[in-house]
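# Descriptive structure summary
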Amino acid sequence: MSTRTLVSPAALARPRGRAVYWTVFTAVVVLFAIAFLFPVYWMVTGAMKSPDEVAQTPPSLVPKQWHSSGYTDAWDLMQLPQHLWNTVVQAAGAWLFQLVFCTAAAYALSKLKPAFGKVLLGGILATLMVPAQALVVPKYLTVADLPLIHTSLLNDPLAIWLPAVANAFNLYLLKRFFDQIPRDVLEAAEIDGAGKLRTLWSIVLPMSRPVLGVVSIFALVAVWQDFLWPLMVFSDTGKQPISVALVQLSQNIQLTVLIAAMVIASIPMVALFLVFQRHVIAGISAGSTKG
């Protein structure tokens, strides 16, 4: 059965139809590229303008004079190395905790079939219906006075790491991927004498690299861009991540310096996506098929 498309093969076979098709296609691609890349260009070049030029109306598309001092001032005045390191520590810990515990929980629910597994999964997914803002106060009271041991996790990276583990979406994403792993592969590992933990480490995880890449991106970006929760748990300015520090230190800072700081703060996430782009695309395509 032939597939119907917007432009018929007969029209594409004619020189005029082919020219019109590629003209429209190129114009659409260029417009989308401009729509996505222009804000980035505006932010990068805005940091290289003078303060008066940034505030002028109408704005200038290209800086009249290029100033790199905005980036150097942002690096020094806003203490970006310290706050970037704080963010890296908090994001890396949350990523590691989430990858270990969410993967173990998803594997148990998918392949080990515990008692009341469906009830547990339903309860976990039900938390997705609760607004994140409604959980802020209970989470804060918990980390301020940890039950049983009665210790405070305020101004401690554990206040970021532990709540990040309770991510129902990533857990469900991992479980759905594990559900698609053929049972025959796991049974072959059992015949060879592999236990449950060995099967997870040697069979399941290597096959799950695409979805693990997607979960890693979600986990890191969530911590990197979070503002409200780090603001509440880190009263010590020396331990605040970059998202909070940009707001806290922007009171007496020139606009060009603040824009430069935002550019520097966004570079790690852009680089992370470019590195893991192949894994993200593979994870999306793997989650869309069943086999």
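Residues numbered from 1 in each chain as written. Predicted model: local features only at pLDDT ≥ 70, side-chain atom pairs only at ≥ 80, totals over all residues. Heavy atoms only, no water.

## Quick word on the environment of V143
Along the chain, V143 falls in helix 7 (residues 136-144). Assessed through its relative accessible area of 5%, V143 is described here as buried. Between the C-alpha atom of V143 and that of A91, which follows or precedes it by 52 residues, the distance is 18 Å. Contact partners of V143, with chain neighbours within four places excluded, come to T151, S152, L153, L154, A159, P163, W229 and V233. (Helix = DSSP H or I, 4+ residues; strand = E, 2+ residues; numbered from the N terminus. Buried < 20%, exposed > 50% of the residue type's maximum accessible area, 1.4 Å probe, protein only. Contact = heavy atoms within 4.5 Å.)

## Examining the pattern of salt bridges
As enumerated under the stated definition, the model contains 4 salt bridges in all. Salt-bridge contacts for D179 lead to K175; the nearest nitrogen and oxygen are separated by 2.9 Å. With D179 and K175 both in helix 9 (residues 168-179) and 4 residues apart, this pair spans about one turn of that helix. Judged by relative accessible area, D179 falls into the partly exposed class, the value being 27%. What makes K175 buried here is its relative accessible area of 12%. A salt bridge links E190 to R183; the shortest N-O distance between them is 3.9 Å. Assessed through its relative accessible area of 36%, E190 is described here as partly exposed. Sharing partners across several salt bridges, the network here consists of K175, R176 and D179. (Salt bridge = Lys/Arg side-chain N within 4 Å of Asp/Glu carboxyl O.)

## Considering the side chain of S110
Along the chain, S110 turns up in helix 5 (residues 80-112). Take S110: its relative accessible area is 3%, and that puts it in the buried class. In contact with S110, not counting residues within four places along its chain, are K175, F178 and D179.

## Things to note about the nonpolar core
Buried together is how nonpolar side chains tend to be arranged in soluble globular proteins. Y71, M78, L80, I160, V233, I242 and L246 are the most contacted members of the largest nonpolar core, which has 35 residues in total. Looking at this core, the elements with two or more residues in it are helix 4 (69-77), helix 5, helix 8 (158-165), helix 12 (209-225), helix 13 (228-233), helix 14 (242-248) and helix 15 (255-287). Take this core: its biggest share by element is 10 residues, from helix 15. Residues in contact with Y71, not counting those within four places in the same chain, are V44, A47, M48, A260, V263 and I264. One finds L99, L109, F177 and V211 within the second-largest nonpolar core, a separate group that totals 17 residues. (Core = buried A, V, L, I, M, F, W, Y, C linked by side-chain atoms within 4.5 Å.)

## Notes on the confidence of the model for the chain
Mean pLDDT for the chain: 85, with 91% of residues reaching 70 or above. Contacts from residues 287-291, a stretch scored under 50 in pLDDT, to residues over four places away or in other chains number 5 contacts. (pLDDT = per-residue confidence, 0-100.)

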